[in-house]
Amino acid sequence: MAGQLSTETGALPTVSAVAAPRGGRAWAVVARVGLVLLRRALLLAALLAVVFAGVELLPGDAASATSERGESAADLAARRHGLGLDRPVLERFWDWMSGLPTGDLGTSAHGQPVTGLLTTAFPNTLVLSGTALLLTAVLSVTLASWAALRPEGLLDRTVTSLSTAVFAVPEFVVAVALVLVLSLWTGWLPAVTLTDSDGTPASWTMLILPTLALTVPQTGWNTRIARAALADEARAPYVEAAVLDGLPPGRVLLRHVLPGALPTIATGIATSSGVLLGGAVAVETVFNYPGIGVVLSSAVADRDTPVIAGVTALAGAAITVVLLGADLVRDRLTAGGR
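Residues numbered from 1 in each chain as written. Predicted model: local features only at pLDDT ≥ 70, side-chain atom pairs only at ≥ 80, totals over all residues. Heavy atoms only, no water.

**Concerning the overall build of the protein chain**
Helix and strand counts for the protein chain stand at 13 helices and zero strands. Listing every helix and strand of the protein chain by position from the N terminus yields α-α-α-α-α-α-α-α-α-α-α-α-α. In the protein chain, which comprises 338 residues, the proportion classed as buried is 36%. Nonlocal contacts in the protein chain, meaning residues at least 24 apart in sequence, comprise 72% of its contacts between residues at least 6 apart. As displayed, the protein chain has an accessible area near 18600 Å², and 69% of this comes from carbon and sulfur atoms. (Helix = DSSP H or I, 4+ residues; strand = E, 2+ residues; numbered from the N terminus. Buried < 20%, exposed > 50% of the residue type's maximum accessible area, 1.4 Å probe, protein only. Contact = heavy atoms within 4.5 Å. Areas by Shrake-Rupley, 256 points an atom, 1.4 Å probe, with all protein chains shown as cover.)

The structure is reproduced here in structure tokens:
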């Protein structure tokens, strides 16, 4: 009422009238974030159920996969009982899920707490994937912007063709090629990763090849996304007006085209986080990198359901955080544009 009265009398709106829409938008953002988190938590729970069911369908079980030569049937039965494998899979899944909110990821087939097992491995993977994600963002935006300065030119066509070709190559193929060229042929970089006593890589140079193996394919994919977003934004009326005003191409790109394309670019880069974590499994195995890839491959061989589910839960949580950050950035940029 006070806001209406001040408008009718020609005075400035009161503080409450100005703050109300902002407060309403803040609550709307909070509600939307909560809904997104709830939906993704339910999706992650469904995925974890599939993990438990999938491991159950594999031949053998954790007791037989980790048994030593010469163990009797009674020893295997005792091991199965100790691991809880004689209980229904739904009951084991519920027990594991009930401990998830407290950070209890269960016990591995070798008797180790899964949380402690992943304490060192998962941060190493986050460093590798995070570095690759940062490089992907910088390289893809730079290449797409460089190509956008001369649309349909030789550079534009070259960047588009190379990005398509690079994205089509799997990460493990890129990893093998990098080892062949940069390690075996030239000797510039180490082919495998050695670790210190704390389980981290002994030298930062051992991060280069795994990071490049993850970065190259995703740079190709995100360069195509960024280039398409820049092309769409370049057709906007205000961009065409800036060109008609005689502004330099570089200024038009940085001040008018790129800000409008950033929401789409941010979404594409955030989506790559899941692909990078998935690709890290293969890349870490190639380079013997001490991350979740080595842990996961060993857990699959051992039919170690709690470890596989723990890796899935941590990866899902990390991807959710990145995607949520991209959503907030997109909302912020879109609101700024409006």
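**Considerations on the packing of aromatic side chains**
According to the stated counting rule, one finds three aromatic pairs in the structure shown. Between Phe52 and Phe93, the aromatic rings sit 5.2 Å apart at their centres with planes inclined by 70°, giving edge-to-face as the arrangement. Taken as a pair, Phe52 in helix 2 (residues 15–57) and Phe93 in helix 5 (residues 89–99) lie far apart in primary sequence, 41 residues in all. Ring pairs connect the aromatic residues Phe52, Phe93 and Trp96, which therefore count as one cluster. (Phe/Tyr/Trp six-rings, centres within 6.5 Å; stacked < 30°, edge-to-face > 60°.)

**Some points on the pattern of salt bridges**
Summed over the entire model, instances satisfying the criterion amount to six salt bridges. A salt bridge links Glu56 to Arg92; the shortest N-O distance between them is 2.9 Å. In this pair, Glu56 is assigned in helix 2 and Arg92 in helix 5, connecting sequence segments 36 residues apart. On the basis of relative accessibility, which here comes to 44%, the residue Glu56 falls in the partly exposed class. For Arg87, the salt bridge goes to Asp95, with nearest N and O atoms at 2.5 Å. Classification of Arg87 as partly exposed rests on a relative accessible area of 30%. (Salt bridge = Lys/Arg side-chain N within 4 Å of Asp/Glu carboxyl O.)

**Topic: the packing of helix 11 (residues 249–287) against helix 12 (residues 292–301)**
Running from N to C, helix 11 and helix 12 point in directions that differ by 95°, and their axes come no closer than 7 Å. Our classification of the angle between helix 11 and helix 12 gives roughly perpendicular. Where helix 11 abuts helix 12, its residues Val281, Glu284 and Thr285 lie against Ile292, Gly293, Val294 and Leu296. For the contact of helix 11 with helix 12, the per-class residue count stands at four nonpolar, two polar and one charged. (Axes fitted to C-alpha atoms, helices over the stretch in contact; angles between N-to-C directions. Parallel < 35°, antiparallel > 145°, perpendicular 65-115°, else oblique. Nonpolar A, V, L, I, M, F, W, Y, C, P; charged D, E, K, R; others polar.)

**A word on the side chain of Ser273**
Checked against the element boundaries, Ser273 lands in helix 11. Ser273 gets classed as buried once you look at its relative accessible area, which sits at 7%. Once residues lying within four places of it in the same chain are set aside, the contact partners of Ser273 are Leu133, Ile319 and Val322.

**Some details on helix 5**
Among the residues of helix 5, those classed as buried are Arg92, Phe93, Trp96, Met97 and Gly99. Taken down its axis, helix 5 places every buried residue within 160° of arc, on the same side. Pointing more than 90 degrees away from the buried face of helix 5 are the exposed residues Leu90 and Trp94. (Arc of directions from axis to C-beta.)

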